[in-house]
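The lines below spell out each chain.
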Amino acid sequence: MTEFTVNGRALAFDLDPDMPLLWALRDAANLTGTRYGCGTGECGACTVIVDGQAVRSCQLPLSQCTGREVTTIEALSPDRSHPAQQAWVAEQVPQCGFCQSGMIMAAAALLAKNANPSDADIDAAITNICRCGTYPRIRKAIHRAGRVMRGEEILAAAPAPGIKPADAAEQVPALGVPVK
């Protein structure tokens, strides 16, 4: 039995201790926002935050999770208010979207330690792969999220879950309401 905290909730997994955390999250805990990409730890689609560090969950066996705190994209901010999530929308980062949850988790871990990262800091911390090549927008979004975290900017770009698309423009200032 492997016991650790996932998204603020203590869980016990009766699974093979050599199983990668990724599969425990996706298959046993039904937290499918963490993606399987390459399975070798290179692409970063499976990135989660473990004890404050961005970690490739496909490479972390359950046996190394005992007593640790794991955060997935589902708990970063359930209402999409985390500055990284807001900046991702505002800067129109996603294209296909496959890598985005891992990319956002890596960015959130960086910003939690350094809310004013340089381009070099971003390049060192965000080693995830984006097949669509949105790296300039990713960097711009991370800088913008940092400004939000430092209180230099207010950003409300993404609607909270449950808002009907037809109502989103009225509830999200960044979308605006078209002039009739």
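Heads up: the structure comes first, above all this text.
Along each chain, residue indices are assigned from 1 in the same order as the chain's sequence is written. The predicted origin of the model limits local features to residues at a pLDDT of at least 70 and limits the giving and counting of side-chain atom pairs to 80 or more, whereas totals for whole chains, interfaces and linings rest on all residues. Based on all heavy atoms of the structure, the side-chain values leave hydrogens and waters out of the count.

## Comments concerning the pattern of salt bridges
Salt bridge criterion: a side-chain nitrogen from Lys or Arg within 4 Å of a carboxyl oxygen from Asp or Glu. In this structure the tally under the stated criterion is eight salt bridges. Between Glu91 and Lys140 there is a salt bridge, and its shortest N-O distance comes to 3.7 Å. Residue Glu91 is located in the loop between helix H3 (83-90) and helix H4 (100-113), and its partner Lys140 is located in helix H6 (residues 135-149); the two are separated by 49 residues in the primary sequence. Measuring nitrogen to oxygen at the nearest pair gives 2.4 Å for the salt bridge that ties Asp123 to Arg139. Here Asp123 is found in helix H5 (residues 119-125), whereas its partner Arg139 is found in helix H6, with 16 residues between them in sequence. The class for Arg139 is partly exposed, based on a relative accessible area of 26%. In this description a helix means any DSSP run of H or I spanning at least four residues, a strand means any run of E spanning at least two, and both kinds are numbered starting from the N terminus. Three exposure classes are used, based on accessible area relative to the maximum for each residue type with a 1.4 Å probe and protein chains only: buried under 20%, partly exposed in between, and exposed over 50%.

## Looking at unusual backbone geometry
Unlike most non-glycine residues, Asp51 shows phi in positive territory, near 50°. Mapped onto the elements of the fold, Asp51 is located in the loop between strand E3 (47-50) and strand E4 (53-56). You can call Asp51 partly exposed: its relative accessible area is 42%. At Gln92, a position not held by glycine, the phi torsion is positive, near 50°. Following the sequence through the fold, Gln92 ends up in the loop between H3 and H4.

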